[in-house]
Structures are given as structure tokens and as C-alpha cells.
Amino acid sequence: DGLIGSTVQAITVDGEGRTWFGTDQGISVWNGSSFFTIDKQRGLPSDDIRALTADQDGVWIGTAGGGLYRFSGSQLQILNEQNVGLPSDNITKLAMGPDDALWIGSDLGLARLADGSLTSVRELAERAVESLAVTGNGEIWAGVDSDGIFYGDGTAWTQLTLADRLPSPHIAALLAAAGASGSTVWIGGEDGGAMRFERQGE
């Protein structure tokens, strides 16, 4: 059908309704009738796409070894350890906050990109981010380094472990959802199943 690779590692939908598939061989974009591809032959520095997220104007692309890219208006911008100070060029997860800040998970920590300025999270330095979600009120949740979850507002952080009834120390998936009386975060473990964490009155 035109998909560039059969190992799909990330999916997002952009502001124009196109579906982006990140594979280990580049990106395929489905426009509703056909695919077009973005890969090394078309200027992509790394073909191993690990994370995708879209904002209103473009798509953020996280890669293994090539850093972070932004695709907007047919232009590709590259952000990496060297030019913006990313914790690592091995990007694992991406999430947009309600304030339009981009949260960047890597194999060596978590960072926040807002208004062109990058800030690393000191509390999560050198830790591998394995899952990532942002709630509607801007609370960040990160499954980290097979050591449970850290969550917070970006300045103060709380850790959840097996003692807090997490299904597993290795959190493979996180999903933040808004409810009628607060916010809910679904937590998926590598083993042990899933749990739901609810915060009332938000």
C-alpha cells in the first residue's frame, strides 16, 4: 500500500487530518488516498522514528540517534544535543501540554521546550523515559527507568512505585483523560495489568 516500513513505532494525526506513521525506515504520511514518504533520501537525518506528536502548525518527530525534528510548511528543522542542549539524541516519547509546551522524553532524561527555550528536568536526569502523558491541567506523567512513575507540574515531582500499587515497576503505557469530576490517568505495566489513577475536582 506504500507504507515505507512494516515496523510502526509511532502514529499521530496532523492539523490537516493526515495520519503520520513513524517506522524504523522513515515516515509515511497518509493523506486519505495515498502515502508519501519522508526518509534519508528526502533529507531526514535518521530513519528510526520512535515518537510523533502534532500541534496546530506542524509535527514533532523523535528519532533514535538523530535527535528531534519539526516538520512544518514542508520545512524540516533539526534539534539535537549540540544545537539546543537536548539530554540525548535518542528520543523515546513526546507529548504536548495544554500550554503548547513540548515535553521530550529520552534515554537520558526529560526536557521541556517552550517558546524556543529548552529546560531539562533535574529530578529525572540520566533516567530513561519509557512512557509519557500530559493531563488537561498540565500535569506531566512519566514512566521512568523501570522505577515506576514520576508526576508533577514541571517544578515539583512525586514518585509512585509498587508500594503505591502500581501494576509493575516498568510502565509501558500512559494515557491522560479528562472526566466530569477531575482527571484520570490510565497506567499500563509491562506485566501486572493496568490501573486507573483519578484526581478529583480538577
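Refer to the structure presented above.
For the structure given in this document, a descriptive report is provided here. (Residues numbered from 1 in each chain as written. Predicted model: local features only at pLDDT ≥ 70, side-chain atom pairs only at ≥ 80, totals over all residues. Heavy atoms only, no water.)

**Some thoughts on the packing of aromatic side chains**
The condition is simple: Between 30 and 60 degrees the pair is tilted, below 30 it is stacked and above 60 it is edge-to-face, where a pair is any two Phe, Tyr or Trp rings, Trp via its six-membered ring, whose centres lie within 6.5 Å. Helix and strand assignments come from DSSP, with helices taken as H or I runs of at least 4 residues and strands as E runs of at least 2, each series counted from the N terminus. Buried means the residue's accessible area, taken with a 1.4 Å probe over protein chains only, is under 20% of the maximum for its type, while exposed means over 50%, and partly exposed covers the values in between.
Applying the stated criterion across every chain, the model contains 6 aromatic pairs. Both rings, one in Phe21 and one in Phe35, keep their centres 6.0 Å apart while their planes meet at 70°; by these two values the pair is edge-to-face. One end of the pair, Phe21, is in strand β2 (residues 19-23); the other, Phe35, is in strand β4 (residues 35-38), and 14 residues separate them in sequence. Its relative accessible area of 17% is what places Phe21 among the buried residues. The exposure class assigned to Phe35 is partly exposed, which follows from its relative accessible area of 22%. Taken together, a centroid distance of 5.9 Å and an interplanar angle of 55° make the contact between Tyr151 and Phe197 tilted. With Tyr151 in strand β15 (residues 149-152) and Phe197 in strand β19 (residues 194-200), this pair connects stretches of sequence that are 46 residues apart. Put simply, the rings of Phe21, Trp30 and Phe35 pair up and form one aromatic cluster.

**Here we look at the layout of surface pockets**
This is how the line gets drawn: Residues are said to line a cavity or pocket when one of their atoms sits within 4 Å of a point; the points come from a 1 Å grid over protein atoms alone, cavities being sets where a 1.4 Å probe fits but cannot get out and pockets being open sets with protein on both sides within 12 Å along at least five of seven lines. Grid points are joined across faces, edges and corners, and a volume is the space filled by probe spheres set on the points.
When its volume is computed, the largest pocket comes out at roughly 280 Å³. What lines the largest pocket is a set of 18 residues, among which Lys93, Leu94, Leu132, Ala133 and Leu174 lie closest to the centre. Secondary structure elements with two or more residues in the lining of the largest pocket: β1 (8-13), β5 (49-54), β9 (91-96), β13 (129-134) and β17 (171-178). Counting residues per element, the lining of the largest pocket draws most heavily on β17, at 5 residues.

**Side note on the pairing of strand β12 (residues 117-120)**
Operational definition: Pairing between strands is defined by DSSP: at least two bridges between them are needed.
Where strand β11 (residues 109-114) lies against β12, 4 bridges are found, and the strand directions are antiparallel. Residue Ala111 lies in a different strand from β12, and its bridge partner there is Ser120. The hairpin turn running from β11 into β12, its antiparallel successor, is 2 residues long, and Asp115 in that turn takes a positive phi close to 55°.

**Some thoughts on the sheet that holds strand β8 (residues 75-79)**
In plain terms, the rule: Throughout, an axis means a line fitted to C-alpha atoms (over the contacting stretch in the case of helices), and angles, computed between N-to-C directions, take values from 0 to 180 degrees.
If you trace the 4 strands from one edge of the open sheet to the other, you get β5-β6-β7-β8, paired in antiparallel fashion. The sheet is open, and its two borders are formed by β5 and β8, each paired with just one other strand. Each strand axis lies, on average, 20° off the axis of its neighbour in the sheet, ignoring direction. Relative to strand β7 (residues 68-72), strand β6 (residues 59-63) runs antiparallel, the two being bridged by 4 bridges. Note on β7: the bridge partner recorded for Trp60 is Arg70.

**Re unusual backbone geometry**
At Ser74, a position not held by glycine, the phi torsion is positive, near 65°. Residue Asp145 is not a glycine yet carries a positive backbone phi of 55°. Tracing the chain through its elements places Asp145 in the loop between β14 (140-144) and β15. Judged by its relative accessible area of 37%, Asp145 is partly exposed.

**Concerning the environment of Thr135**
Convention followed: In what follows, a contact means two residues having at least one pair of non-hydrogen atoms within 4.5 Å.
Counting through the fold element by element, Thr135 comes out in the loop between β13 and β14. Residue Thr135 is classed as buried on the basis of its relative accessible area, which comes to 3%. Contacts of Thr135, omitting those with residues within four sequence positions, involve Pro98, Trp141, Ala176 and Val185.

**A word on the sheet that holds β1**
With antiparallel pairing, the 4 strands of this open sheet are ordered in space as β1-β2-β3-β4. Taken across any chain shown, the strands that pair with only one partner, and hence form the sheet edges, are β1 and β4. The average angle at which neighbouring strand axes cross in this sheet is 20°, direction not considered. Inspection of the sheet shows β1 paired to β2 by 5 bridges, in the antiparallel sense. Along β2, the bridge assignment pairs Ile11 with Phe21.

Treat this as a map of the structure, not an account of what it does.
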